Amino acid sequence: MENVGYARTSTIDQAAGLDAQIRELQSAGCDKIFQEQASSVAIRDQLLAAIEYARAGDVLIVTKLDRLARSTADLLLIADRLEKKKVTLRILNLGMDTSTPTGKLLLTTLGAIAQFEREIMLERQREGIAKAKAEGKFKGRKPIAKEIHNEVLRLAETRMTRKELAEKMNIGEATVYRILKEATANM
């Protein structure tokens with residue numbers, strides 16, 4: 001059994017915070033520590049590497065919940081991946097350990113609350129949209145100019161990546177994917 005640590009800060013300016021996390025993980029007995037400076041919404045390569053590295057019987061240890069997951073739904077996805085690999089999760093500041101019945105209960109409770117919050121938020125959103133439509137205020141997403149749409153389709157035929165294409169056109173990557181998806185659906 002190996003203790004695998006994961007430490008993350010959002011910016012380079014938080015280097016002291018990363019050092020503190022590493023010291024805490026070492027004190028918790030981590031044999032190997034994966035660390036990175038990345039926003040929680042970015043792809044966290046070292047988190048993925050830590051999960052990949054961990055083997056059955058190992059423990060993934062983090063200092064705080066917000067260092068591991070961006071949301072409760074994200075936490076549950078990570079916990080599910082770990083459980084399938086028979087790797088337990090310890091969150092030091094919560095005293096949570098999924099190898100114990102209490103730790104599993106806490107994780108399940110967090111998941112139920114997250115699902116409830118999401119459903120309530122979606123219900124409020126639907127009510128707000130219906131009210132705005134009734135008042136004539138809701139028009140939906142502003143359509144993309146036809147020339148941008150056509151230019152995205154033209155550039156997509158080159159070897160340009162979706163990210164490069166979005167940067168060149170000064171639009172979001174999601175917009176690029178949506179345009180391409182719509183184009184393929186209309187073929």
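Residues numbered from 1 in each chain as written. Predicted model: local features only at pLDDT ≥ 70, side-chain atom pairs only at ≥ 80, totals over all residues. Heavy atoms only, no water.

All right, on to the overall build of the protein then. Per the secondary structure count, the protein includes eight helices and five strands. Radius of gyration (C-alpha) of the protein: 22 Å, far over the 16 Å computed for a compact globule of 187 residues. Burial status across the protein gives 31% buried among its 187 residues. Restricting the contact set of the protein to residue pairs at least 6 apart, pairs at least 24 apart contribute 63%. (Helix = DSSP H or I, 4+ residues; strand = E, 2+ residues; numbered from the N terminus. Rg over C-alpha atoms; globule rule 2.2 N^0.38 Å. Buried < 20%, exposed > 50% of the residue type's maximum accessible area, 1.4 Å probe, protein only. Contact = heavy atoms within 4.5 Å.)

Moving on, we get to helix H7 (residues 162–169). Among the residues of H7, Leu 165, Ala 166 and Met 169 are the ones counted as buried. Considered in projection along H7, the buried side chains sweep an arc of 100 degrees and stay on one side of the axis. Facing away from the buried side of H7 by more than 90 degrees, the exposed set consists of Glu 167 and Lys 168. Residues of H7 that are buried make contact with helix H6 (146–156) and helix H8 (173–185). (Arc of directions from axis to C-beta.)

Time to look at the packing of aromatic side chains. Scanning all chains against the criterion turns up one aromatic pair. In this structure, Lys 32 packs its charged tip against the face of Phe 34, placed 5.2 Å from the ring centre. Above the plane of the ring of Tyr 53 lies Lys 32, whose end atom (NZ or CZ) is 5.6 Å from the centre. (Phe/Tyr/Trp six-rings, centres within 6.5 Å; stacked < 30°, edge-to-face > 60°. Lys NZ or Arg CZ within 6 Å of the ring centre and 35° of its normal.)

Our next topic: the packing of H6 against H7. The interhelical angle for the contact between H6 and H7, taken along N-to-C directions, is 145 degrees, at an axis separation of 11 Å. The chirality of how H6 crosses H7 is right-handed. Here Ile 148, Glu 151, Val 152, Leu 155 and Ala 156 of H6 lie close against H7, whose contacting residues are Arg 162, Leu 165, Lys 168 and Met 169. Grouping the amino acids of the contact of H6 with H7 by side-chain chemistry returns six nonpolar, no polar and three charged. (Axes fitted to C-alpha atoms, helices over the stretch in contact; angles between N-to-C directions. Left-handed = near helix turned anticlockwise from the far one by under 90°. Nonpolar A, V, L, I, M, F, W, Y, C, P; charged D, E, K, R; others polar.)

What follows concerns the sheet that holds strand S1 (residues 3–9). Taking strand neighbours across the sheet as the criterion, the five strands line up as S2-S1-S3-S4-S5 in an open arrangement whose pairing is mixed. Two strands close off the open sheet at either side, each with one partner strand: strand S2 (32–37) and strand S5 (96–97). Where strand S3 (residues 59–62) and strand S4 (residues 88–91) come together, four bridges link them in parallel fashion. From the neighbouring strand, Leu 60 faces S4, where its bridge partner is Leu 89. (Pairing = 2+ DSSP bridges.)

This next bit is on unusual backbone geometry. A positive phi is found at Lys 86, a non-glycine position, where the angle reads about 60 degrees. Look at Lys 86 and you get exposed, because its relative accessible area is 61%. With phi around 60 degrees, Asn 170 is a residue other than glycine that occupies positive phi space. Assignment of secondary structure puts Asn 170 in the loop between H7 and H8.

Moving on to the side chain of Asp 58. Mapping Asp 58 onto the fold places it in the loop between helix H2 (45–53) and S3. As a buried residue without a salt bridge, Asp 58 has its nearest oppositely charged side chain in Arg 55, at a separation of 6.4 Å. Reaching out from Asp 58, the side chain makes a polar contact with the backbone nitrogen of Glu 2 at a distance of 2.9 Å. At 2.8 Å, the side chain of Asp 58 forms a polar contact with the backbone nitrogen of Arg 55. In contact with Asp 58, not counting residues within four places along its chain, are Met 1, Glu 2, Val 4, Tyr 53, Lys 86, Val 87 and Thr 88. (Lys, Arg positive; Asp, Glu negative; His and termini not counted. Salt bridge = Lys/Arg side-chain N within 4 Å of Asp/Glu carboxyl O. Polar contact = N/O pair within 3.5 Å; in protein donor to acceptor, adjacent residues only side chain to side chain.)

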